[in-house]
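# Examining the three-dimensional arrangement
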Amino acid sequence: MGVTAIVGRNGQGKSSIIEALSYAITGRSFRGAPKDSMITKECESSIVRANIFSNQRELLLELSLNRGGSDRLLLNRNVTPRRDVVRAIPLTVFTLSDIEIVSGSPAHRREFIDDSLILMGPRASETVDNYERLLQHRSHILKSLQRGDGSVGYDSLEIFDESLAIEGERLIRMRLSLLSRIEPILNELYADIAGKGEKVLTSYVPSVRTNLMSDLLDSRRDDIRRGITSVGPHRDDIIFRINGLNARYEASQGEQRTLAFSLKMALHELLRSRIGEDPIILLDDVFSELDEERIEKVLKRTKSAQAIVTTSIDHQIDEKVNQKLVIESGSLL
Ligand SMILES: Nc1ncnc2c1ncn2[C@@H]1O[C@H](COP(=O)(O)OP(=O)(O)OP(=O)(O)O)[C@@H](O)[C@H]1O
């Protein structure tokens, strides 16, 4: 347990270590980077090998990535499906771009809440997937009705919209329920880091005016003309208010980052109570806009877990973490 800091100047490979670890576990780059950029230039493959202590067990995780070929994911030397690895090694990752959950477009907040739902269990995960699949299907139907190529009839939308409305309403209910569980933890965390008396309120902003089925019906003609579904959870937003002010527009960068961190950590706490242990925490270069006091509070919050943090700020970091490693030109000294 405890915090390991990886310290180094810009461009030495700090983010690459965090990215390699989270890519090996989740199969996704938090920078949105394609697989090929995970392989050293002019090389054909790369290997991530990590000894991980998770679920009270020592695990050996090995991922080999091959340019233009298929990849191999091994857990304790056995080929293992990605979803089993994700389940075996719960993870909380917080990076610079997570500020966009607060400062970015509504799509970032929807992605945060849906990704969080996926971690909450198979039922929620299935609802997120089903809605996404149905929405894509509806988009195909709308486009072919728009073209008028006769491949689908208008009445196919009738049956289809019923399923979409049921799944969409279910997704909204799940998002609302998760938000109501996140909010008290978020408040506790935010007030601890930012100062007592700071109050965060979350509100869900639905695109639905009456109920989803009748709104789909009302907008059907327009949707066919535009080829898109104009109403549903994929058009909703979440507003975070700090002391009454909309954090997207009115909070400082430091406040936005603190709020984004508190959100991720609130989810971390929910996950911990679900699985009975702390997920591993990876924090990539997130201290830049935070003052000394906030950095200390953030680190204190991660101490009960196994955490790796990267930073270029070496100033007194040794006193705040359990061990410090220095990185230079891609190698840990
Ligand atoms: N596929 C690749 N092949 C070779 N070098 C790469 C590849 N992808 C990234 N690099 C290089 O690796 C170096 C380390 O990048 P990384 O983002 O890990 O640095 P960092 O220490 O986190 O820097 P910063 O503090 O600026 O965020 C960069 O110079 C980058 O250009």
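Before any of the text, the structure's been laid out above.
Keep in mind the model is a prediction, meaning the values are calculated, not measured.

### Some details on the environment of Leu-217
The topology assignment puts Leu-217 in helix α7 (residues 212-226). Taking relative accessible area as the criterion, Leu-217 reaches 44% and is therefore assigned partly exposed. Residues Leu-217 and Leu-157, 60 residues apart in the sequence, show an inter-C-alpha distance of 9.5 Å.

### Details of the sheet that holds strand β7 (residues 200-205)
Here we have three strands laid out as an open sheet, ordered β7-β8-β9, and antiparallel in their pairing. Looking along the sheet, the strands with just one partner apiece sit at the ends: β7 and β9 (245-246). Looking at chain direction, strand β8 (residues 237-242) and β9 are connected through two bridges and run antiparallel. If you follow Arg-241 over to β9, its bridge partner there is Asn-246.

### Overview of the pattern of salt bridges
If the charged atoms of two oppositely charged side chains come close together, the side chains can form a pair. Across all of its chains, the model carries 24 salt bridges by this definition. Note that Asp-84 and Arg-87 form a salt bridge whose closest N and O atoms lie 3.7 Å from each other. Here Arg-87 and Asp-84 lie together in helix α2 (residues 82-88), a separation of three residues that amounts to about one turn. We classify Asp-84 as partly exposed; its relative accessible area is 30%. Within this structure, Arg-138, Glu-158, Asp-161, Arg-220 and Asp-223 form a network of salt bridges that share partners.

About the thresholds
Residues numbered from 1 in each chain as written. Predicted model: local features only at pLDDT ≥ 70, side-chain atom pairs only at ≥ 80, totals over all residues. Heavy atoms only, no water. Helix = DSSP H or I, 4+ residues; strand = E, 2+ residues; numbered from the N terminus. Buried < 20%, exposed > 50% of the residue type's maximum accessible area, 1.4 Å probe, protein only. Pairing = 2+ DSSP bridges. Salt bridge = Lys/Arg side-chain N within 4 Å of Asp/Glu carboxyl O.

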